[in-house]
Amino acid sequence: MIASALLASILLMPQDRVRQELPNGAVYLVDKADTPGHVRVALSASFHGYPDEPATLGVRHLLEHLVVKGRDRALDRKLESQGLSLSAWTTRDALNVVISGPTGALPLAMASIDEVLNPGGFTQDEINKELRIMAEEKLLHAPDRPLVDAAWEAVYGQEGLSPFGDLEVLAKLTPSDLELARQRIFAPAGLSLVVLGDLDPGVARLRCQEVLGKLSGWEVSFDPRMEIAPGASPMGAQASGEARAVITAGVTVPMTLAMLGFALAQQREMPGTKVFYDASAWDSVIIWTAPNAGQFDALEKLTEEDVVRLAPFVRGQASQWALGLTTLDDTNAALRAKLLRQARTFDLGQLFDTARGLTDQEIVQAWQRWSGPKSYRVRGLK
Ligand SMILES: [Zn+2]
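Starting afresh in each chain, residues are numbered from 1 along the sequence in its written order. pLDDT decides what is reported in this predicted model: residues at 70 or higher carry local features, side-chain atom pairs at 80 or more are listed and counted, and totals for whole chains, interfaces and linings draw on all residues regardless.

A. Seen up close, the overall build of the protein. Numbered from the N terminus, helices here are DSSP runs of H or I no shorter than four residues, and strands are runs of E no shorter than two. When its secondary structure is counted, the protein shows 15 helices and eleven strands. Computation of the radius of gyration draws on C-alpha atoms, with the globule rule given as 2.2 Å multiplied by the number of residues to the power 0.38. Taken over C-alpha atoms, the radius of gyration comes to 22 Å for the protein, in line with the 21 Å a tight globule of 382 residues would show. If one aligns the C-alpha atoms of the protein with their principal axes, the spans along those axes are about 70 × 60 × 35 Å. Long-range contacts, defined as pairs at least 24 residues apart, comprise 85% of the intrachain contacts of the protein with a sequence gap of at least 6. Distance between backbone-placed C-beta atoms decides contact: two residues are in contact if it is within 7 Å.

B. The arrangement of helix α6 (residues 145-156) in detail. In a regular helix each residue adds 1.5 Å, so twelve residues correspond to 16 Å; α6 covers 17 Å between its end C-alpha atoms and thus fits that length. Every C-beta atom is placed from the backbone, and the number of other C-beta atoms within 10 Å of a residue's own sets its class: buried at 20 or more, exposed at 12 or fewer, partly exposed in between. Those residues of α6 that fall on the buried side of the exposure criterion are P146, L147, V148, D149, A150, A151, W152, E153, A154, V155 and Y156. In the core, the buried residues of α6 are packed alongside β7 (235-237), β8 (242-248), β9 (274-276), β10 (284-290) and β11 (376-380). Once α6 ends, the next one or two residues include G157, with phi positive near 55°. Residue count minus one, scaled by 1.5 Å, sets the expected span of a helix.

C. Local environment of the sheet that holds β8. In space, the five strands of this open sheet follow the order β7-β11-β8-β10-β9, with mixed pairing throughout. Every other strand in the sheet has two partners, leaving β7 and β9 as the edge strands with one partner each. Going from strand to strand, the sheet's axes swing by 25° on average, the running direction of each strand aside. Only strands joined by at least two bridges in the DSSP assignment are considered to pair. Where β7 and β11 come together, three bridges link them in parallel fashion. Of the residues in β11, the one forming a bridge with G236 is R379. Angular values range over 0 to 180 degrees, each being the angle between N-to-C directions of two axes fitted as lines to C-alpha atoms, with helices fitted over their stretch in contact. Packed on one face of the sheet, helix α10 (residues 254-266) meets β8, β9 and β10 and runs near 10° to β10.

D. Expanded view of helix α8 (residues 175-185). Restricting attention to buried positions, one finds in α8 the residues L178, R182, R184 and I185. Projected onto a plane normal to the axis of α8, the buried residues spread over an arc of 165° and lie on a single side. On the buried face of α8, the contacting elements are β3 (38-46), α2 (59-67), β5 (94-102) and α5 (124-139). It is the directions from the helix axis to the C-beta atoms whose arc is reported.

E. Region of the structure containing the domain arrangement of the protein. What counts as a domain boundary in this text is fixed by an automatic or database domain assignment. Taken domain by domain, the protein comprises domain 1 (16-144 + 159-213) and domain 2 (235-380). Within the residue set of the side of domain 1 that touches domain 2, elements represented by two or more residues are β2 (27-32), β3, β5 and β6 (191-197).

F. How the structure looks around the packing of helix α12 (residues 304-324) against helix α15 (residues 360-371). At a minimum axis separation of 9 Å, α12 and α15 run at an interaxial angle of 110°. Taken together, α12 and α15 sit at an angle that is classed as roughly perpendicular. Two packed elements cross with a definite hand, and for α12 against α15 that hand is right-handed. Note on element contacts: α15 touches α12 through D360, I363, V364 and W367, opposite E304, V307, V308, A311 and V314. In this classification, Asp, Glu, Lys and Arg are treated as charged, Ala, Val, Leu, Ile, Met, Phe, Trp, Tyr, Cys and Pro as nonpolar, and every other residue, Gly included, as polar. Along the lines of polarity and charge, the residues of the contact of α12 with α15 split into seven nonpolar, no polar and two charged. An angle below 35 degrees is treated as roughly parallel, one above 145 as roughly antiparallel, one from 65 to 115 as roughly perpendicular, and anything else as oblique. For any helix crossing, the convention is left-handed if the near helix is rotated counterclockwise from the far helix by under a right angle, and right-handed if that rotation is clockwise.

Laid out in structure tokens, this is it:
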């Protein structure tokens, strides 16, 4: 009886959860999840198709603004009329588009992803109008954003520049420049698509194959960002306060959870500090900002005994963070799409156990990474 129940669950798994890489390199995952009547579709276009560099900075962000208008530039109204919502954002790692809504509107959601990928050419007027919107968006940036950007730059130099972009560079962009960039950014080998929720996996799978299978284009090389050794003097940022950053070898590695958990647990002792980590299975950074200069000196004053006393809180914070990634929202759907590209068989559910199992020794090492010469420093210049 038990054996046959087990066998049945194994046989059922591949039907509820389908993962496939297509011949053009695009990957998708269809996952039947327990969200009655609701589905979510997340598209992730890896930065590798079109890496940010000073001369092209912000092109991915501008493209994101434009493609979500769809082919007839009225995609938002069409989605709203069927109860769907769309969110899009661009990070250093990927251009993300997530559409969610009632199960019955899944065909429209998938057709909309198709429109996003094939929006038709954009005119110079459309580009200029969107650049004005981006200029307004820039005014809304959080005051600690320069600290975060400077930390990325301290670690990765020009490979870590803000994906928001340089509006002066973008002002020189022509429609044909943008079209060429679009082909690279949406090169199938850099795309991953996740369809989650209350759905028929067989039907969803066919739609994924339809939307992604017909794409062709540029090769994508998945070269990692190269880090710079921590400098002797801190990086300057046009903000008040300070920041620290540590390199992580990816969310799949226990030390990442230890460093994240340590910062989150120690935050209580350091009012106003904030921790930033865009989860990734690849090398990335965890950044910790503080509103006042000198706040991180407290880390150097801790002893190993202090850190061991803190260890249960570190485990608690790390496991809460891990648990947070398993809730089904737009951000996590985009993360799952990104991870599909980065670490195909990795299951986010494992992270909770990894966090619970962090050893005191790993947590002490995490503290040493934040406090020692391996951490990157940013000093606010305001
Ligand atoms: Zn924007």
